[in-house]
Amino acid sequence: MATDSLSVTFSALADPTRRAILARLAGGPATVKELSAPFRISSPAVSKHLRVLERAGLITRGRRAQWRPCRLEAAPLRDVAEWAEGYRRFWEESHDRLDEYLRQLQRKEPDHVRDE
Amino acid sequence: MSEMNSVGETTITTPSDREVVMARTFEAPRALVWDAYTKPEHLRQWLLGPEGWTMPVCEVDLRPGGEWHFVWQRSGGDDLEMRGVYREIVPPERLVNTEAWGGDWPETENTVQLSEENGATTVTTTILYPSKEARDAAMATGMEDGAERSYGLLDEYLKTMG
């Protein structure tokens, strides 16, 4: 997983309106007008958010000029979910290893125990 | 609102909007745990994440303003790189440093606090994000406020993608 594309995804997700748009799209494709309805912000403002999401590969938009329905793209979100899970796992497994390593060190260097 | 979930014996909590806190207790004196967290020869032995990773770069310039730089490698996989600057060093109890993954990824400020009781040391790492949004995006947690109720949908969707 490339760290750079991941950070683009993260910065796209670091906005509550954009996350809400993605949540809405999780229920199925929608047009800009449909997406604007619940947000009390203008269609141009929603379009701006959509461009950020599109650049991050989180959504794709239909080719028909009139409607251009937006669709959620799974892959980058899966990367983020994997990353968040990976971060937790990284620390959990590192800590497990540290547990064992500290035990080894204390067997080898019992003097350390009296350091403080 | 604080939420708690135990991952193995490593506890992860979110005590404020911008923080993630990890805590873990080790059966070892504080001075030894401090060394394990600050010396490359020790870090390389344990800060490796899941099986199969190595840490070819582990540079530590342990002084205020000094830089640290870690690179991990996995056979057949991409490299993972992290770097930052040490802000505060109080051996063997407190270490403050910045952490960045590059790109647009928000830089965090991490505070590692070590406390010893009856020969066991608890390491509490507080990761401070620049905003709640950055914290939530990073941890991919659900939002608590009602305006984000539909986030649950996304959660469900993510599960179906697995």
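Residues numbered from 1 in each chain as written. Chains lettered and ligands numbered in written order. Predicted model: local features only at pLDDT ≥ 70, side-chain atom pairs only at ≥ 80, totals over all residues.

Chemist: What am I meant to see in the overall build of chain B here?
Modeler: Along its length, chain B carries four helices and nine strands. In sequence order, chain B lays out its α and β elements as β-β-β-α-α-β-β-β-β-β-β-α-α. Scored against the burial criterion, the 162 residues of chain B give a buried share of 25%. In chain B, 31% of the contacts between residues at least 6 apart in sequence involve partners at least 24 apart. (Helix = DSSP H or I, 4+ residues; strand = E, 2+ residues; numbered from the N terminus. Buried ≥ 20, exposed ≤ 12 C-beta atoms within 10 Å, placed from the backbone. Contact = placed C-beta atoms within 7 Å.)

Chemist: How should I be thinking about the overall build of chain A in this particular structure?
Modeler: Across its full length, chain A carries five helices and two strands. In chain A, the order of α-helices and β-strands from amino to carboxyl end is α-α-α-α-β-β-α. A total of 116 residues make up chain A; the buried ones form 32% of that total. Considering only contacts in chain A between residues 6 or more positions apart, those separated by 24 or more positions represent 49%.

Chemist: Help me understand helix α2 (residues 16-25) of chain A in this model?
Modeler: Helical geometry: 3.6 residues make up each α-helical turn, so side chains three or four residues apart lie on a common side. Of all 10 residues that make up α2 of chain A, eight are buried, and the element is covered over most of its length. For α2 of chain A, the set of buried residues is Arg18, Arg19, Ala20, Ile21, Leu22, Ala23, Arg24 and Leu25 of chain A.

Chemist: I keep staring at the environment of Ala134 of chain B and nothing clicks. Help me out?
Modeler: Residue placement: Ala134 of chain B occurs in helix α3 (residues 132-139). Distance from Ala134 of chain B to Glu107 of chain B, taken between C-alpha atoms, is 9.6 Å for residues 27 residues apart in sequence. Leave out the neighbours within four places in its chain, and Ala134 of chain B touches Ala14 of chain A together with Pro106 and Tyr129 of chain B.

Chemist: In this structure, what is going on with the environment of Ala75 of chain A? I would like to understand it.
Modeler: Locating Ala75 of chain A in the fold gives a position in helix α5 (residues 74-108). In the structure, Ala75 of chain A is positioned 16 residues away from Ile59 of chain A in sequence and 10.0 Å away in space, judged by C-alpha atoms.

Chemist: How should helix α4 (residues 43-55) of chain A be read in this particular structure?
Modeler: Residue and element names in this part refer to chain A. Relative to the 18 Å expected for 13 residues at 1.5 Å per residue, α4 spans 18 Å between its end C-alpha atoms, a close match to the ideal helical length. The complete set of buried residues in α4 reads Val46, His49, Leu50 and Leu53. Angular distribution of buried residues about the axis of α4 spans 105°; they occupy a single face of the element. Those residues of α4 that are exposed and aimed more than 90 degrees away from the buried face are Pro44, Arg51 and Arg55. Where α4 ends, the next residue or the one after it, Gly57, has phi of about 75°, a positive value. (Expected span 1.5 Å × (residues − 1). Arc of directions from axis to C-beta.)

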